[in-house]
Amino acid sequence: MDLRSELLKSIWYGFTALDLEKSGKVSKSQLKVLSHNLCTVLSIPHDPVALEEHFRDDDDGPVSSQGYMPYLNKYILDKVVEGSFNKENVDELCWTLTAKKNYQTDKNSSTVLPEKDAFRLWCLFNFLSEDKYPLVMVPDEVEYLLKKVCMAMSIEFNCVELEDFFSQDSVQQSGITVWVFLQMMNTGKLTKGIDKSIVSMAIEEVYREIVGDVLKEGYLWKKGQLRRNWKERWFTLRPSNLSYYTGEDRKECQGNIALDGNCCVEEVDDDQILFGRSKWIKNVLFPVLPDRDGKRCMFCLKTLSKTYEMSASDTKQRQEWTTAIQTAIRLHVEGKTSLHKDLKLKRREQREQREKRRQAKEEELQRLRALQEERERKLAELELLKEAQKQAQALLEQDEQRRRQQHEQLQQALEVQLREAEEARVSMQAEMALKEEEAERQRKRIQELEEMQKRLEEALQQEIKARLDEEAFRYAQAGLLAEEEEKMKALMSLQEEQEEYILKTQREKQELKQEMEAKSRALDEAQRQLEEVRANRHRVDQDVVAAQRKLRQASTNVKHWNVQMNRLMRPIGPGEKRPSLGSSFSSFQIPTQRDPGLRLRRRSGSEDQDEESKENVENRAGCDLEKRHSHASNGDMDIP
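Owing to the predicted nature of the structure, the values given are computational and were not obtained by experimental measurement.

Any two side chains of opposite charge can pair, on the condition that their charged atoms come close. Counted according to the given criterion, the structure contains 37 salt bridges. Arg4 serves as the salt-bridge partner of Asp78, at 2.7 Å between the closest nitrogen and oxygen. Note that Asp78 is positioned in the loop between α4 (65-75) and α5 (87-102) and Arg4 in helix α1 (residues 3-18), a separation of 74 residues in sequence. The partly exposed category is assigned to Asp78, whose relative accessible area is 48%. Accessibility expressed as a relative area gives 30% for Arg4, which makes it partly exposed. Between Glu463 and Arg467 there is a salt bridge, with the nearest N and O atoms lying 3.4 Å from each other. Residue Glu463 and its partner Arg467 are both found in helix α14 (residues 392-502); the two are separated by four residues, about one turn of the helix.

A separate point is helix α7 (residues 139-152). The terminal C-alpha atoms of α7, which comprises 14 residues, lie 20 Å apart, in line with the 20 Å expected from a rise of 1.5 Å per residue. Along α7, the residues classified as buried are Glu141, Val142, Tyr144, Leu145, Leu146, Lys148, Val149 and Cys150. Where α7 ends, the next residue or the one after it, Ser154, has phi of about 60 degrees, a positive value.

All right, on to unusual backbone geometry then. Negative phi values dominate among residues other than glycine, just as trans dominates among peptide bonds. A cis amide bond links Tyr133 to the next residue, Pro134, at an omega of 0 degrees. Of note, Pro134 is situated in the loop between α6 (115-128) and α7. The phi dihedral of Ser154 is positive, around 60 degrees, even though this residue is not glycine. As for its placement among the helices and strands, Ser154 is situated in the loop between α7 and α8 (160-166). On the accessibility criterion, Ser154 (69% relative accessible area) is exposed. Its identity as a non-glycine residue notwithstanding, Arg250 has a phi of 60 degrees, on the positive side. If you trace the backbone, Arg250 turns up in the loop between β5 (241-245) and β6 (253-258).

This part is about the nonpolar core. Leu145 and Phe181 are the most contacted members of the largest nonpolar core, which has 39 residues in total. Within the residue set of this core, elements represented by two or more residues are α5, α6, α7, α10 (178-186) and α11 (196-210). Ranked by residue count, the leading element in this core is α6, at nine residues. Excluding anything up to four places from it in sequence, Leu145 contacts Leu124, Leu128, Met137, Phe181, Val206 and Ile210. Within the second largest apolar cluster, 27 residues are counted, among which are Leu3, Val26, Leu34 and Cys39.

In terms of strand pairing, strand β3 (residues 216-223) meets strand β4 (residues 230-237) through eight bridges, oriented antiparallel. What sits directly across from Lys223, in β4, is Trp230. Adjacent in sequence and paired antiparallel, β3 and β4 are bridged by six residues, among which Arg228 carries a positive phi angle near 60 degrees. As paired strands, β3 and strand β11 (residues 307-311) are joined by two bridges and run antiparallel to one another. Bridging from a neighbouring strand, Lys222 pairs with Met310 of β11.

Another point: the pairing of β5. The element β5 is extensively covered by neighbouring structure, given that five of its five residues are classed as buried. On β5, burial covers both faces: Asn241, Ser243 and Tyr245 on one face and Leu242 and Tyr244 on the other are all buried. Bridge count for β4 against β5 is four bridges, and the pairing is antiparallel. In the sheet register, Trp234 faces β5, and the bridge partner there is Tyr245. Counting the residues that bridge the hairpin from β4 to β5 gives three residues. Note that β5 and β6 share five bridges and pair antiparallel. Paired with Tyr245 across the strands is Cys253, a residue of β6.

Inspection of the entire model under this criterion finds 16 aromatic pairs. Here the aromatic rings of Tyr68 and Tyr71 are separated by 5.7 Å at their centres, their planes lie at 40 degrees, and the arrangement is tilted. In this pair, Tyr68 and Tyr71 are both assigned in helix α4, three residues apart and thus about one turn of the helix distant. Across the pair, Tyr71 and Tyr68 agree in class, each one buried. Every member of this aromatic cluster is reached through a ring pair, and the members are Trp12, Tyr13, Trp95, Tyr103, Phe119, Trp122, Tyr133 and Trp179. Above the plane of the ring of Tyr144 lies Arg347, whose end atom (NZ or CZ) is 3.8 Å from the centre.

Reading guide: rules and limits
- Residues numbered from 1 in each chain as written.
- Predicted model: local features only at pLDDT ≥ 70, side-chain atom pairs only at ≥ 80, totals over all residues.
- Heavy atoms only, no water.
- Salt bridge = Lys/Arg side-chain N within 4 Å of Asp/Glu carboxyl O.
- Helix = DSSP H or I, 4+ residues; strand = E, 2+ residues; numbered from the N terminus.
- Buried < 20%, exposed > 50% of the residue type's maximum accessible area, 1.4 Å probe, protein only.
- Expected span 1.5 Å × (residues − 1).
- Core = buried A, V, L, I, M, F, W, Y, C linked by side-chain atoms within 4.5 Å.
- Contact = heavy atoms within 4.5 Å.
- Pairing = 2+ DSSP bridges.
- Phe/Tyr/Trp six-rings, centres within 6.5 Å; stacked < 30°, edge-to-face > 60°.
- Lys NZ or Arg CZ within 6 Å of the ring centre and 35° of its normal.

This is the structure:
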């Protein structure tokens, strides 16, 4: 499987994720965005006009996957240079597009894999899936991947739990999709009782081994080339090189050893260590006693330019490292870039050969079975011909007896079936009666809830109407108060004018008297209008109080029906008695100080006090005016 096939698998998921209607076509605007992102992560120049020019003759609608493939091969994949980009970035881009649409899980579940682990399993699935679309993975590859994960977690793989899943016809015929595979992993059958961190580490290890082409990783002691001291390094072996870092986080790379056909690895036998330094003379190792640090389990990696001396923790690790390095050298010599790609091809060839052998065996068995049947048929015919005359009567009697026995057995079986059917009918009738009672209770409950909802809506409408009426009455009251204030100002101005006219000279008193009479009439008219305004304001105050009373009644009704609704929303258990409606009134509470109705009443009370204070001031002003009138009339009587 080359690089183009690997990229096409990931891009196929990105294309199908953009196909929201599942019609096999995607709009050109979405393909432009996808192409631009692919060019960015693949580190190639992007031509924004190329897509329009390529599909200039196809302006009727969206583009299918077959129509997008020539553009993808010509303008993107043909320009890709291996090693100039990070394939993991391409996988992350396509995973982001397809996971939003297809990978939907319950985030609160304790068995759901983290997003990073799901992405790595998705990459592993793409690597092990078949090279045909839609992408599926055969059960053998699924079992191989699960065994690798269990081996990384140091647990035994249990095939019994997955036999039911693999025995399904859809899985056996077409394989398993990646979303079904992730759903199976999220069920927790494989990771039951295992910490999530251990599962994540195992998935990361398998991901680096299969997708990242890491043949082996681990700590080794390495002897320096100049200072000749031993340092512990984290080594990562791939088919093309052996890299070593300061720690297993692989942040600081200390060196890279290129592997080719000229490299070889040799072990140093601890039992043949002699005094002195070890030397390589004409490809012959003269081992010596370990260094004073006591390094054992040593092996050497020889290249054309240098010889690297390394030490493992034990003999087993040394054997594993030497075997892995020899495997990497062999792959390089054979021209193979990945061990697991080679193993995958071998497993596929084995499956094909096994399928061919199975088909050949089935054909051979069918042919032998046909020959055996033909032979048995001929022998039976021969025996029948030989003994037909002799056993004809015996066969007739046996047939008659057998038919009689079969008839009796059939009659007994029918009687048993009739009894069982009768018992099943009775049980079904009882069960149907229970179901009908339950359905009737549910219908009644639904009707009660619907009636309760209607009453709540009516109470809410009444509350809204009461609030609107209260607001209208408040606006009317504000207008009357403004009008009353204007009348008071006019009255005060008239009083000032009357005082000015009283202080005039006696010479103009007759005219002043006439004017005072006119002003008195105007004052009477103003006082009459003021009384009308006060009467109107009193009526408006009464309307406001009535609106507030309606509002409080509506609020009480809403609270009452809310209590009834909460009581009815509790599920009815079998045999449970419904509480009486009278108990709901016991939950009524006296409104607190925060009740808006009380605040309105308090505000209206303060407004009444302000109005009373205004009336007292006006009464005092009227008394002063009457006194002035009386003084003025007395002054007229004293004139000679």
